[in-house]
Amino acid sequence: MPTIKSILASQRPLHHIPANAPVSEAVRAMVDNNVGALPVLEDGRLVGIFSERDLMRRVVVKGLDAGRVLVRDVMSTDLVTADINDDHITCLNKMNSRSCRHLPVVEANKLVGFLSARDLMKADADGKAFEIESLTQYIYYLPPNAER
């Protein structure tokens, strides 16, 4: 079963936004990096997540000016995190229980990665494909001297 550490090894660079950035800057960073959420840091500490959902519910619907409102005022702060040594199933269960689609990964209280549900589902599918291939080889294995 893949660990989060192994999943992060194949990840794209980690992008984040400072808490005092305007929402428009966060949105630009999300668009430029093709991501749906960003971890929010303050003095190097993880303090929240800013997501497309936060943008829609806390900025757009309320008619706020994205150039004036700060990320810290509209980010999600009730966070669930993953440990670097967790496996992907544990992380999927954490996300499912909290109905979230992004999971910050921490090691020794430091942000080391950021996973989406898509990242974890891919790891799960890859693991199942490997398992199917292994079982198929086992079922159809013929010893070297066996007759066909």
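Shown above is the structure to which this text applies.
For clarity, every value in this text was computed on a predicted model and none was experimentally measured.

Re the layout of surface pockets
The volume enclosed by the largest pocket comes to roughly 540 Å³. Around the largest pocket sit 24 residues that line it, and Arg12, Val35, His102, Ser116 and Asp119 are the ones nearest its centre. Within the residue set of the lining of the largest pocket, elements represented by two or more residues are helix H2 (23-32), strand E2 (37-42), strand E6 (110-116) and helix H5 (117-140). The leading source of residues in the lining of the largest pocket is E6, at 5 residues. A per-class count over the lining of the largest pocket returns 12 nonpolar, 7 polar and 5 charged. Empty space within the second largest pocket amounts to approximately 410 Å³. Around the second largest pocket, the lining is made up of 17 residues, and of these Ser51, Arg53, Ser76, Ser99 and Cys100 lie nearest the centre. Secondary-structure elements contributing two or more residues to the lining of the second largest pocket are strand E3 (45-51), helix H3 (52-60) and strand E5 (102-107). Ranked by residues supplied to the lining of the second largest pocket, first place goes to H3 with 4 residues. Split into classes, the residues belonging to the lining of the second largest pocket amount to 5 nonpolar, 5 polar and 7 charged.

A short note on the nonpolar core
Formed by 18 residues in total, the largest nonpolar core has its most connected members in Ile17, Val23, Leu38, Val40, Phe50 and Val71. Mapped onto this core, the elements with two or more residues apiece are H2, E2, E3 and H3. With 4 residues, the single largest contributor to this core is H2. Among residues more than four places away in sequence, those in contact with Ile17 are Glu25, Ala26, Leu38, Pro39, Val40, Leu41 and Val71. Ranked by size, the runner-up nonpolar core spans 14 residues in total, among them Leu8, Ala82, Cys91 and Leu103.

Brief notes about helix H4 (residues 88-98)
The complete set of buried residues in H4 reads His88, Cys91 and Met95. Buried residues along H4 cover an arc of 65° about the axis, so they all sit on one side. Exposed side of H4, more than 90 degrees from the buried face: Asn96 and Ser97 are the residues found there. Measuring from the backbone nitrogen of Ile89 back to the side-chain oxygen at the start of H4 gives 3.0 Å, which picks out Asp87 as the cap. Just downstream of H4 lies Ser99, where phi reads positive at about 50°.

Considerations on the sheet that holds strand E1 (residues 17-18)
Read across the open sheet, the 3 strands follow the order E1-E2-E3; overall the sheet is mixed. Each edge of the open sheet carries a strand with a single partner, namely E1 and E3. As paired elements, E2 and E3 share 6 bridges and run antiparallel to each other. Within E3, the position partnered with Val40 by the bridge is Gly48. Each of E1, E2 and E3 touches H2; the most contacted strand, E3, lies at about 75° to it.

Analysis parameters
- Residues numbered from 1 in each chain as written.
- Predicted model: local features only at pLDDT ≥ 70, side-chain atom pairs only at ≥ 80, totals over all residues.
- Heavy atoms only, no water.
- 1 Å grid on protein atoms, 1.4 Å probe; cavity = no way out; pocket = protein on both sides within 12 Å on 5 of 7 lines; lining within 4 Å.
- Points joined across faces, edges and corners; volume = space filled by probe spheres on them.
- Helix = DSSP H or I, 4+ residues; strand = E, 2+ residues; numbered from the N terminus.
- Nonpolar A, V, L, I, M, F, W, Y, C, P; charged D, E, K, R; others polar.
- Core = buried A, V, L, I, M, F, W, Y, C linked by side-chain atoms within 4.5 Å.
- Buried < 20%, exposed > 50% of the residue type's maximum accessible area, 1.4 Å probe, protein only.
- Contact = heavy atoms within 4.5 Å.
- Arc of directions from axis to C-beta.
- Polar contact = N/O pair within 3.5 Å; in protein donor to acceptor, adjacent residues only side chain to side chain.
- Pairing = 2+ DSSP bridges.
- Axes fitted to C-alpha atoms, helices over the stretch in contact; angles between N-to-C directions.

These values are about where atoms sit, not about what they do.
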